[in-house]
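The primary structure of each chain is shown beneath.
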Amino acid sequence: MRRLLLLALLVPVACAVVVGAAQARQAGTTVNLVAYSTPKPVMQKLISRFGHTSAGNGVSFSQSYGPSGSQARAIAAGQPASIAFLSTGLDIDTIADAGLVGKNWNKAPYSAIAADSVVAFVVRPGNPKHIHGWSDLVKSGIQVVTPNPFSSGSAKWNVLAAYGAARKSGMSDHKAVQFVTKLFKHVVSQDTSGSNAANTFFSGKGDVLITYESEAYSAFAAGKQGKLIVPRPTMLIELPMVALKDATSAAKAFIAYAHAPKQQAIFASNGYRPVVKSVLKRPNLASWAKKYKTGPTFNIRDRLFGGWLKANRIWFDQNTGRMVGIERAVGG
Amino acid sequence: MEASAARAPHFRPREAARAGGRASTAISVGIISTFLTVVVVLPIAALVWESHKSGAHAFWQAVSNPLAVSALKLTFGAAFVVVIVNIVFGTVTAWVLVRDDFPGRSVVNAVIDLPFALPTIVAGLTLLALYGPRSPIGIDVAYTRTAIVLALCFVTLPFVVRTVQPVLLELDTEMEEAARSLGARQTTVFRRIVLPNLLPGILSGAVLALARALGEIGSLVLIAGNIPGHTQVVSVYVLNQIESGDPSGAAAVAVVLLGASFVLLLAVGALRFFVTRYERG
């Protein structure tokens, strides 16, 4: 019995030693990429190409993918990271609040955005419910799948896009909030993350999934069945990639590399809208350029929102946010 | 004991042995309390501390949120149903496994523990595939409260079975035979002989199942639907609070869950004390 207790005490110590050794090994030319859940395929292509450049020669990457908000909090709490590639600027702000990136992180080339996307719908093959725009989502009998905006960054884009689209169609602020409330009454599953929501939709629940256009393309690439609808109007999604303050020069070089036209073309052919727009003129990307033609009509800096910090406070504050009232109206 | 040892100085060797025993007891108590402090007491104290960090008003605001209240109600309601189901089916399963001999018994016996070996998120995914919108057997209960109970039954199945089984194995059938030979009917034998013997085991299993059901999250996130006020259990509610940057609010609701669980566990413990009092005489 006593031997067992001794063992119980020794095991955590042994684990700590192993973890410590693993961390020690990461020193030197390792770049720790901490990213949100879905860009793994495109990031792996970029990383393997980077290895063949003079700046990337001999640099090894450790890669971590997970829900954007959780990744941001993990970095803020001390997870080793040299590059953060997250799904909202809000999550970079979380890291900035911990002092790990500069407060004005977006004063960088391309405002520190590596790629864009837009808020889009995925419907069943053949679009049997004839869903084309935002107003179709609140027709009777339509079942919508979107994650819970309190747990998922991607759902925040969805909520703001729905509100923005309603405002752009001429609704007053009050009417537009009512529209979002009505929309959430059609939501049949408020999953905890974007990937769980996709799982729900592709396992057969609901008529429409609200998601990023890029996520829809990665789902299709993984063999999932569905049809992408880019509603008009819709919202621009910007995906920030920043180097942490104490990152090595290799990490900074990688971010510059990701903005080079060749790499932007890789983003474009993987379902992301490039921030270097000129690459869409390349003949081999003509089919993708056509897919990206339906452009976003508003973004987070629009007067409707006033940037992430303001939008987050007004919409997603735990006590006073508009979404709290909407969830109560749905659940009450 | 110690007083009698003091009055009997000629028992020196035994006293020395006892002193050694005391020392080793002190060491093991020390080790256990250190272990429990690190693993249980400190984290719970930190949780309570975190929940009160923003003041009593914020604590009250967090726990009186109607969606938090409905998540707590749903969680305790579902856990209660699951415990009842487990008590009935767990006991029957244990009974069949111990008392009935049938081909494949050892296989069934091994299957009981499988839900423990499966990562709960995989359990959720499997249940979704089986009882979701594309159910191959035509049962679609996903995204309802039924799905929550089903998932919880899946992950808590082994508890009652495994706490009742050893008691049944130890239980002397002579007592039952004696009762029958004295003319007791089968139901009377079960009520007066078998059940009182099994009750402590059943209650132990029920406590474990209850605790597990209250805190479960992995198997529920995919299958519950998580609609606030309808199918959002408290663990998912707390996750949402954390993810939206309100750890104090999350801790407050968790403390309520913890407090209520503690009271419930104490109540079952008291019940267990009550039903086993005849054993201790």
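Residue numbers here run from 1 along each chain, matching the order of that chain's written sequence. Chain letters and ligand numbers both follow the written order, the letters beginning at A and the numbers at 1. With the structure being a predicted model, the display of local features is reserved for residues of pLDDT at least 70 and the display and counting of side-chain atom pairs for 80 or more, all residues being used for whole-chain, interface and lining totals.

Engineer: So what exactly am I meant to see when it comes to the overall build of chain A here?
Structural biologist: Elements are defined by DSSP. Helices are runs of H or I of four residues or more, strands are runs of E of two residues or more, and each kind is numbered from the N terminus. Within chain A, the regular secondary structure consists of 13 helices and 10 strands. For the radius of gyration, the atom set is restricted to C-alpha positions; the globular benchmark scales as 2.2 Å times the number of residues to the power 0.38. Taken against the 2.2 N^0.38 rule, which gives 20 Å for 332 residues, the C-alpha radius of gyration of chain A at 21 Å falls within 12% of a compact globule. Its C-alpha atoms give chain A principal-axis dimensions of about 60 × 60 × 40 Å. Here a residue counts as buried when 20 or more other C-beta atoms sit within 10 Å of its C-beta, as exposed when there are 12 or fewer, and as partly exposed otherwise, the C-beta atoms being derived from the backbone. Looking at chain A residue by residue over its 332 residues, the buried ones come to 49%. By definition, residues are in contact whenever their C-beta atoms, placed on the basis of the backbone, come within 7 Å of each other. Partitioning the intrachain contacts of chain A with sequence separation of at least 6 by distance along the chain shows that 71% fall at a separation of at least 24.

Engineer: Even after reading the chapter, I still don't get the pairing of strand β4 (residues 113-123) of chain A, so can you show me in this structure?
Structural biologist: Moving residue by residue along a regular strand, the side chains alternate between the two faces of the sheet. Residues and elements named next belong to chain A. Buried residues dominate β4, accounting for 10 of its 11 residues. By definition, two strands form a pair when at least two bridges between them are found by DSSP. Bridging between β4 and strand β10 (residues 273-274) involves 2 bridges; their strand directions are antiparallel. Its bridge partner lying in β10, Ala 115 is registered against Pro 274. Pairing of β4 with strand β7 (residues 208-212), which is carried by 5 bridges, proceeds in the antiparallel orientation. Paired with Val 123 across the strands is Val 208, a residue of β7. Sheet topology places β4 next to strand β8 (residues 227-229); 3 bridges connect them, and they run antiparallel.

Engineer: Looking at this model, I keep getting lost on the pairing of β7(A). Mind explaining?
Structural biologist: All names here are of chain A. In terms of burial, β7 is largely enclosed, as 5 of its 5 residues are buried. Across 2 bridges, strand β5 (residues 144-145) lies against β7 in parallel orientation. Its bridge partner being in β7, Val 145 is matched across the sheet by Leu 209.

Engineer: What is the right way to read unusual backbone geometry from this model?
Structural biologist: Phi is mostly negative for residues that are not glycine, and the peptide bonds are mostly trans. All names here are of chain A. Here the bond from Arg 232 into Pro 233 is cis, since omega is -5°, no more than 30 degrees from zero. Positionally, Pro 233 belongs in the loop between β8 and β9 (236-243). Positive phi, normally seen in glycine, also occurs at Ser 111, with a value near 50°. Topologically, Ser 111 is positioned in the loop between α4 (89-97) and β4. For Ser 111, a count of 13 C-beta atoms within 10 Å gives the class partly exposed. If you check the backbone angles, Ala 112 has positive phi at about 65° while not being a glycine. Note on placement: Ala 112 falls in the loop between α4 and β4. The class of Ala 112 is buried, set by 23 C-beta atoms lying within 10 Å.

Engineer: Got a minute to help me understand the confidence of the model for chain B in this structure?
Structural biologist: Interpretation of this model should avoid reading the predicted coordinates in detail wherever pLDDT is low. Residues and elements named next belong to chain B. Model confidence for chain B is summarised by a mean pLDDT of 87, while 91% of its residues fall at 70 or above. Confidence scores differ between elements of chain B, with helix α1 (residues 2-7) showing the lowest mean pLDDT of 43 and helix α4 (residues 66-99) the highest of 94. Values of pLDDT, the confidence the predictor places in each residue, fall between 0 and 100. Scored below 50 in pLDDT, residues 1-9 makes 3 contacts in the model with residues more than four places away or belonging to other chains. Listed scores for the predicted complex are pTM 0.79 and ipTM 0.70.

Engineer: Just checking my understanding: could you explain the nonpolar core for this structure?
Structural biologist: Note on soluble globular proteins: their nonpolar side chains tend to be buried together. By size, the foremost hydrophobic cluster in this structure holds 157 residues, and its most contacted members are Ile83(A), Ala84(A), Phe85(A), Ala162(A), Ala151(B) and Val253(B). Here this core takes 13 residues from helix α8 (residues 145-170) of chain B, the largest share from any one element. Each nonpolar core comprises buried Ala, Val, Leu, Ile, Met, Phe, Trp, Tyr and Cys residues, the members being joined through C-beta atoms within 7 Å.

Engineer: Would you mind going over the interface of chain B and chain A with me for this structure?
Structural biologist: It is common to report an interface's size as the accessible area lost on association of the parts. In this assembly, 31 residues from chain B lie in contact with 27 residues from chain A. Sorting the residues of the side of chain B that touches chain A by element identifies α2 (12-51), α4, α7 (120-131) and α11 (234-243) of chain B as the ones contributing at least two each. Top element by residues in the side of chain B that touches chain A is α11(B). It accounts for 5 residues. Tallied by class, the residues present in the side of chain B that touches chain A amount to 16 nonpolar, 12 polar and 3 charged. The residue classification treats Ala, Val, Leu, Ile, Met, Phe, Trp, Tyr, Cys and Pro as nonpolar and Asp, Glu, Lys and Arg as charged. All others, Gly included, are polar.

Engineer: Could you clarify how one ought to interpret the environment of Ser62(A) in this entry?
Structural biologist: Residues and elements named next belong to chain A. Examined against the element boundaries, Ser 62 turns out to sit in strand β2 (residues 60-65). On the basis of neighbour counts, which here come to 15 C-beta atoms within 10 Å, the residue Ser 62 falls in the partly exposed class. For the pair Ser 62 and Lys 310, spaced 248 residues apart in the sequence, the C-alpha separation amounts to 34 Å.

Engineer: Is there a simple way to think about helix α7 (residues 194-202) of chain A in this case?
Structural biologist: Three or four residues apart is the spacing at which side chains of an α-helix point the same way, because the helix has 3.6 residues per turn. Residues and elements named next belong to chain A. With 8 of 9 residues buried, α7 is to be regarded as a mostly interior element. Along α7, the residues classified as buried are Gly 194, Ser 195, Asn 196, Ala 197, Ala 198, Asn 199, Thr 200 and Phe 201. For α7, the secondary structure elements touched by its buried residues are β4, β5, α5 (153-168), β6 (187-189), β7 and α8 (213-221). Remark: Gly 204 follows α7 within two positions and exhibits a positive phi of approximately 115°.

Engineer: When you look at the packing of α7(B) against α8(B) in this model, what are you seeing that I'm missing?
Structural biologist: To describe two helices that pack against each other, one gives the angle between their axes and the distance between the axes. All names here are of chain B. Working convention: axes come from line fits to C-alpha atoms, limited for helices to the stretch in contact. Angles between N-to-C directions cover 0 to 180 degrees. The geometry of α7 relative to α8 is characterised by a closest axis approach of 11 Å and an angle of 130° between their N-to-C directions. By the angle between their directions, the pair α7 and α8 is classed as oblique. Crossing angle aside, the handedness with which α7 passes α8 is right-handed. Where α7 abuts α8, its residues Thr 120, Ala 123, Gly 124, Leu 127 and Tyr 131 lie against Ala 147, Leu 150, Ala 151, Phe 154 and Val 155. Note on terminology: angles under 35 degrees are roughly parallel, angles over 145 are roughly antiparallel, angles of 65 to 115 are roughly perpendicular, and the others are oblique. Two helices that cross are described as forming a left-handed crossing if the nearer one is turned anticlockwise from the farther one by less than a right angle, and a right-handed crossing if clockwise.

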